[in-house]
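A look at the structure
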Protein chains: 2
Amino acid sequence: MFPDNSAGALMTPEFICILTGTRARDALQIVRDAGLDSDAIYTLFVTDINRKLLGIMDIRRLLFAEGDEPVETLMQPHPQSVRIDADQQEAARLVRRYDLISLPVVDENGVLAGVIGVDSIVDVIVEENTEDFEKMNALLPSEDSYLNTSAWTLSRHRIPWLLVLMLSSVLAGKLIQGFEDVLAATGVALVASMPMLMDTGGNCGSQTSTVIIRALSLGELKPGDVLKALWKELRVAVVCGFLLGAINFARLAIFGGASLPIAGAISAAMVLTVIFAKALGCLLPLLAEKMHLDPAVMAGPLLTTIVDVGSLLILFELSQIAI
Amino acid sequence: MFPDNSAGALMTPEFICILTGTRARDALQIVRDAGLDSDAIYTLFVTDINRKLLGIMDIRRLLFAEGDEPVETLMQPHPQSVRIDADQQEAARLVRRYDLISLPVVDENGVLAGVIGVDSIVDVIVEENTEDFEKMNALLPSEDSYLNTSAWTLSRHRIPWLLVLMLSSVLAGKLIQGFEDVLAATGVALVASMPMLMDTGGNCGSQTSTVIIRALSLGELKPGDVLKALWKELRVAVVCGFLLGAINFARLAIFGGASLPIAGAISAAMVLTVIFAKALGCLLPLLAEKMHLDPAVMAGPLLTTIVDVGSLLILFELSQIAI
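Residues numbered from 1 in each chain as written. Chains lettered and ligands numbered in written order. Predicted model: local features only at pLDDT ≥ 70, side-chain atom pairs only at ≥ 80, totals over all residues. Heavy atoms only, no water.

**Quick look at the sheet that holds strand β1 (residues 16–19) of chain A**
Two orientations exist for strands paired in a sheet by backbone hydrogen bonds: parallel and antiparallel. All names here are of chain A. An order of β1-β2-β3-β4 is seen for the four strands of this open sheet, with the pairing classed as mixed. Two strands lie at the open edges of the sheet, namely β1 and β4 (76–77), each paired on one side alone. Where β1 and strand β2 (residues 43–47) come together, four bridges link them in parallel fashion. Along β2, the bridge assignment pairs I18 with V46. Of the strands in this sheet, β1 and β2 are in contact with helix α2 (residues 24–34), which crosses β1 at around 155°. (Pairing = 2+ DSSP bridges. Helix = DSSP H or I, 4+ residues; strand = E, 2+ residues; numbered from the N terminus. Contact = heavy atoms within 4.5 Å. Axes fitted to C-alpha atoms, helices over the stretch in contact; angles between N-to-C directions.)

**Observations regarding the relation of the copies chain A and chain B**
For the match of chain A to chain B, the screw axis carries a shift of 0.0 Å, the RMSD comes to 0.0 Å, and the turn is 180°. Here the two chains are linked by the operation of a two-fold rotation axis. In this assembly, 100% of the residues forming the interface of chain A have copies in chain B that are likewise at the interface, indicating an isologous arrangement. (Least-squares fit on C-alpha atoms with pLDDT ≥ 70 in both.)

**Re the UniProt feature "domain: CBS" (unreviewed entry) in chain A**
As annotated in UniProt, the feature "domain: CBS" (unreviewed entry) corresponds to residues 11–73 and 75–131 of chain A in the numbering used here. For residues 75–131 of chain A, the end-to-end C-alpha separation is 38 Å, with 44% helix and 26% strand making up the annotated structure. (UniProt positions renumbered as here; feature names shortened; annotations may be inferred.)

**Looking at the domain arrangement of chain A**
When the parts of a complex come together, some accessible area is lost, and that lost area is often taken as the interface size. We note that the domain assignment places domain 1 (7–118) and domain 2 (151–322) within chain A. The centre of domain 1 of chain A, based on its C-alpha atoms, is set 50 Å off from the matching centre of domain 2 of chain A. (Domains from an automatic or database assignment.)

**Focus on the side chain of D107 of chain A**
Residues and elements named next belong to chain A. Following the sequence through the fold, D107 ends up in the loop between β6 (102–106) and β7 (112–117). Buried and without a salt bridge, D107 has R83 as its closest oppositely charged side chain, separated by 6.7 Å. Look past the residues within four positions of D107 in its chain and what remains in contact with it is R83 and I84. (Buried < 20%, exposed > 50% of the residue type's maximum accessible area, 1.4 Å probe, protein only. Lys, Arg positive; Asp, Glu negative; His and termini not counted. Salt bridge = Lys/Arg side-chain N within 4 Å of Asp/Glu carboxyl O.)

**A few points about the UniProt feature "transmembrane region" (unreviewed entry) in chain A**
All names here are of chain A. Under the UniProt annotation, "transmembrane region" (unreviewed entry) lies at residues 236–256, 262–284 and 296–316. In residues 262–284, the share of helix is 100% and the share of strand is 0%. The end C-alpha atoms are 31 Å apart. Span residues 296–316 is 90% helix and 0% strand, its end C-alpha atoms 30 Å apart.

**Quick look at the sheet that holds strand β1 (residues 16–19) of chain B**
Residue and element names in this part refer to chain B. Here four strands make up an open sheet; going across it, the order is β1-β2-β3-β4 and the pairing mixed. Edge strands, defined here as strands with exactly one partner in the open sheet, are β1 and β4 (76–77). Bridge analysis of strand β2 (residues 43–47) against strand β3 (residues 53–58) gives five bridges, and the strand direction is antiparallel. Bridge pairing in β3 places V46 opposite G55.

**Notes on the pattern of salt bridges**
Residues and elements named next belong to chain A. On inspection of all chains with the given rule, the structure shows ten salt bridges over all chains. Two residues, E131 and K135, come together in a salt bridge whose shortest N-O distance is 3.2 Å. Of this pair, E131 and K135 both sit in helix α6 (residues 118–136), four residues apart, which is roughly one turn of that helix. In this structure, D294 engages K135 in a salt bridge whose closest nitrogen and oxygen atoms are separated by 2.5 Å. Here K135 lies in helix α6 and D294 lies in the loop between α12 (260–290) and α13 (295–298), a separation of 159 residues in the sequence.

Structure, rendered in C-alpha cells:
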C-alpha cells in the first residue's frame, strides 16, 4: 500500500486520538477504555473533527491535570510529525533529534494517519546500517541472520558484485598491457610499487566516501554541500598526499630499489593518486544522492576499481616521462 | 567513575523507585510528586528496602489499578536488567530485543543503580555504527559532525592508518621483487592480472569480514561459533572461487593475452585467493573478539593488506610451476 521504506509502511494504526475540546477526565477515560494492549499509550494525539493533527500530549500531563481542563490547554501544539510518503530515514532522524517515544504520521492535509513508535525506529536504524555495511562491501542485502543463512544463499548474495568487479578490473589489466614498453624500461621497481599505490588509493577513497556516506545518512550533509565538502577533501588530500609521497620518496632514495627519476615518478603518482581518490570519494556519493541513486552502492567497491585504473594511469604516464 | 562505554556510564540516576508494599494510589501520588521533569516516568521500578530490584511496572498499570492494590501484584517480576559493568552494546541488544522504553541497571547484588532510556540507546546504536564504519575504513573515531571538523583534524584522523597501511604494502612490493625472474619469464600477462587478483581478494575478504563483524555486533554470532562460521565460509569460498576462476580462465583462453599454462596459473591463483581471503575474513574478526581486541579494527584495511601479500605469493608460486 505504501512504498517500501516510507513512513507510511512503518506506522501503526494503533494510537489514541482525542478530539479537541475533550476535558482531561474524559481523556483519561478514553485512555482507560483503549485497553492495556495499545502500545502507543504514552503519547496522546489531539485532532480536530477531520482528524487533522493539532497537538500531542504526554500521558503524564493527564496525571497532573485538573479534571475539567480541556486538552488543548494541556497539549503541545505544532508537534514534530512526518509525512506519510517521507523516507523512513527522515522519521528516524526526527525521533533521534527530539528524543521522541512516538512520532505522528500525517498526510498532505495534515490529517493523522498513524504513529511510529521508537521501537520501530530502533529497528529501522539497525537495518539501514546493516544495509549500508553490505552495500559498501559488495554484498546484496541479507534477509536473515548469518547462522540461519545457507552457504548457497550467502554465495548468491556475493557472486554478483564479485563478478562485476572482477570484470571491471580487467580494464586495469588492459591499461597495464598498453604500457608494456614502460614496464620493460623501468623493470621490477614499477611493478613492485603497484600494490602500495593501489592500496593507498583505495584506502584514501574509502576513508572519504565512508565519511561522506555516513554524514549523508545522518543528515549532517546534503548534496548541495558538494563544493564545501570537495574543498575540505582537497585540502585533506594535499596534506595526506604530500606526506605519504615524501615518506615514500625518502624510503626509495634511502633503501634503493629504483632510480631517482623513477622514485620521483612513483612518489608524484602517490600524491596525485591520493588527491584523485579523495576527490572521487567525495564526489561519487554526493552525485549519487543528487541523482537519487544509492550513495553506498555507488561509492563502495566501485570506487576502488575506478581509483585502481586512475592510479595506474597516473603511475605509467609519469614513469613514461621519467625514463 | 564508570568505564567508558559501560552501562554505568550511560545510566541516569533519575527514575521513580517504589517500595514493595506500596498501594497503587500512593504510587500514583509518588509519580505526581516526582514532577513533570522526570523523563523516566513511563516505567516505575519496584524494590525492597535495600533497593534491590524486584519488578517493573508500566505507568498504564497504575491507571487501571484499584487504589488499594499493592504494587507487587501489578508489577512484572524478574524484569530485564543489565549489570552496571556490562558493555553498552549489551544494553542496546536488550532494549532492541524486548522493545523497552527504559532498562534498569543493577550492581552485583541486584541493587538498582540507575536507568537507561531508549533515547540514550538510540544514540549508542548510531555512535557504535559510526565507529564501526570508521574502523573498517582506516579512520580514527571522529568527535564532531563532518562539516564542523576542520581539514586539519580530518587529516590527523586519516594519516595514521594510511601510513601504517602504505608501509605494510611495501611487503607486497618486496615479494614482487623476489620473483623478478618469474616476471621476466611470463611478461606483462602476469602483471596485468595483479589488479584483478588483488581487488577480488580484497572484495572477498571484506565481504566476509563485514558479515562476521556485523553478526558479532548484533549478537547473532559468538567467538565460540568459529568452526561453524569457518565451515560456512569455506563452502561459500569454494562456490565463488571456482566460478570466478572458471570465468577468468575462459576469458584468458578466448581473448588471449596469456599462454595456457599461465592462464591456468592465474585462474588457479584466483580460486585459492578467494578461499584464502574468505577464511581470513572469517577468522580475523572472530579471533580479535576472542582476544578482546576490536574486530572492526583488526579486520578492516589490515585484512586487505594481508590478502594482497597472500594473493601475490600464490600467483607467483603457481606461475613459477607453470613456466
